[in-house]
Amino acid sequence: MYVIKEKSFLASNVARFVIEAPFIAPKRQPGNFIILRVNPKGERIPITLVDSNPDDGTITIIVQGIGKTTKELLTKNVGDTLPDIVGPLGNPTPILEKKTVVCIGGGVGTAELLPITKALFENGCKIFSIIGGRTKELVILEEEMKQYSEQLFITTDDGSYGRKGIVTDPLKEILSSGTKIDAVYAIGPLPMMKAVADVTRETGIKTYVSLNTIMVDGTGMCGGCRVTVGGQLKFACVDGPEFDGHQVDFDELMMRNKSYADKERLALEQFEHKDGACKLENVR
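Throughout this document, residue positions are counted from 1 along each chain, in the order its sequence is written. Local features in this predicted model are restricted to residues whose pLDDT is 70 or higher, and side-chain atom pairs enter the listing and the counts only when it is 80 or higher, whereas totals over whole chains, interfaces and linings include all residues. In computing side-chain values, all of the structure's heavy atoms are included and hydrogens and water are not.

Next up on the list: the layout of surface pockets. Put plainly, a pocket is an open set of points on a 1 Å grid over the protein atoms alone with protein on both sides within 12 Å along at least five of seven lines, a cavity is a set where a 1.4 Å probe fits but cannot get out, and a lining residue has an atom within 4 Å of a point. Grid points are joined across faces, edges and corners, and a volume is the space filled by probe spheres set on the points. Size it by volume and the second largest pocket reaches roughly 220 Å³. In this text, helices come from DSSP runs of H or I with a minimum length of four residues, and strands from runs of E with a minimum of two, each type numbered from the N-terminal end. Ranked by residue count, the leading element in the lining of the second largest pocket is helix 2 (residues 109-122), at five residues. Under this grouping Gly is polar, as are all residues other than the nonpolar Ala, Val, Leu, Ile, Met, Phe, Trp, Tyr, Cys and Pro and the charged Asp, Glu, Lys and Arg. The residue makeup of the lining of the second largest pocket, split by class, is six nonpolar, two polar and six charged.

Reading across the sheet, the seven strands line up as 12-11-10-9-13-14-17 and stay open at both edges, with mixed pairing between neighbours. Two strands in the sheet have a free side with no partner beyond their single neighbour: strand 12 (163-164) and strand 17 (242-244). When strand 9 (residues 100-106) meets strand 13 (residues 183-187), the two strands line up parallel, connected through five bridges. Each residue of the ladder has a partner; that of Cys103, found in strand 13, is Tyr185. Here a residue-residue contact requires only that any non-hydrogen atoms of the pair lie within 4.5 Å. All axes here are fitted lines through C-alpha atoms, helices being fitted over the stretch that makes contact, and every angle between N-to-C directions spans 0 to 180 degrees. Together, strand 9, strand 10 (126-133), strand 13, strand 14 (206-210) and strand 17 form the strand contacts of helix 2, whose direction differs from that of strand 9 by roughly 165 degrees. Along the sheet face, helix 5 (residues 190-201) touches strand 9, strand 13 and strand 14 and points at about 165 degrees away from the line of strand 13. Only when DSSP finds a minimum of two bridges between them are two strands counted as paired.

With that settled, consider the packing of aromatic side chains. Stacked, tilted and edge-to-face pairs are distinguished by plane angle, under 30 degrees for stacked and over 60 for edge-to-face with tilted covering the rest, among Phe, Tyr and Trp rings (Trp via its six-membered ring) whose centres lie within 6.5 Å. A full pass over the atoms with the stated rule returns two aromatic pairs. For the ring pair Phe121 and Tyr148, a centre distance of 5.4 Å and an interplane angle of 55 degrees mean the geometry is tilted. Within this pair, whereas Phe121 is found in helix 2, its partner Tyr148 is found in the loop between helix 3 (142-146) and strand 11 (151-156), the two being separated by 27 residues in sequence. The classification of residues rests on relative accessible area computed with a 1.4 Å probe and restricted to protein chains. Under 20% of the type maximum is buried, over 50% is exposed, and intermediate values are partly exposed. Of the residues examined, Tyr148 reaches a relative accessible area of 14% and is grouped as buried. Their ring planes at 20 degrees and their centres at 4.8 Å tell us that Tyr185 and Tyr208 sit as a pair that is stacked. Note that Tyr185 is positioned in strand 13 and Tyr208 in strand 14, a separation of 23 residues in sequence. The pair formed by Tyr185 and Tyr208 is uniform in burial state, with each residue classed as buried.

Here you go:
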């Protein structure tokens, strides 16, 4: 059993968990993820590792309550346990050394981007960071990203914080400024990563994206996370999760991710109807 040691809310439906996992913590690298279950009969979901403390034997994850399982996870508190966690999984993110890069995070994707940004900074990279969200509340980890960034840009869809617009707006400005950019790292919703890749494709700048696919076992056995990259079949769990954004068939992936939309919606409705007390304002 994996004990929750700390829990804090970053937004009304986004929480940071520190979990006791002594066999995973020493092996965690930027880009790795875990697969966990909230209850013994529940589904298995992949979540990126934000941080780890090998000395304490803990791992850190940041979770947004969107579907049934993530909302159920947000009802857990300090002292509660999770039945199983598998990891670290996936390939570590390629970390450049002494280069100039742009790091782009959308919504809770910023949580996945943070350890990568930190590793790039520690490798002597000059970093321009862009983080965005639909509203001010969904712009997370601003101060943490700022400490590793030469310059930090913030956008919100509704203009409630930073500049009104989307993350590709400052990206285009950086690229047109004459600054030589060696690579772009983008993590967030699939439409956002596709938009970033479309912008950088024109310049040929290497663009790394982290794919959030349907996933079950995380070992390449089930095939649920299959994606088309460069015209070839890949498995996000063992071949990724990072891929060349210019090679990913985003349209196919977005369509595949909707395969179980009706079942996901029904599961969420049943969960919320079964226990109205799961509302986040009652579990803080």
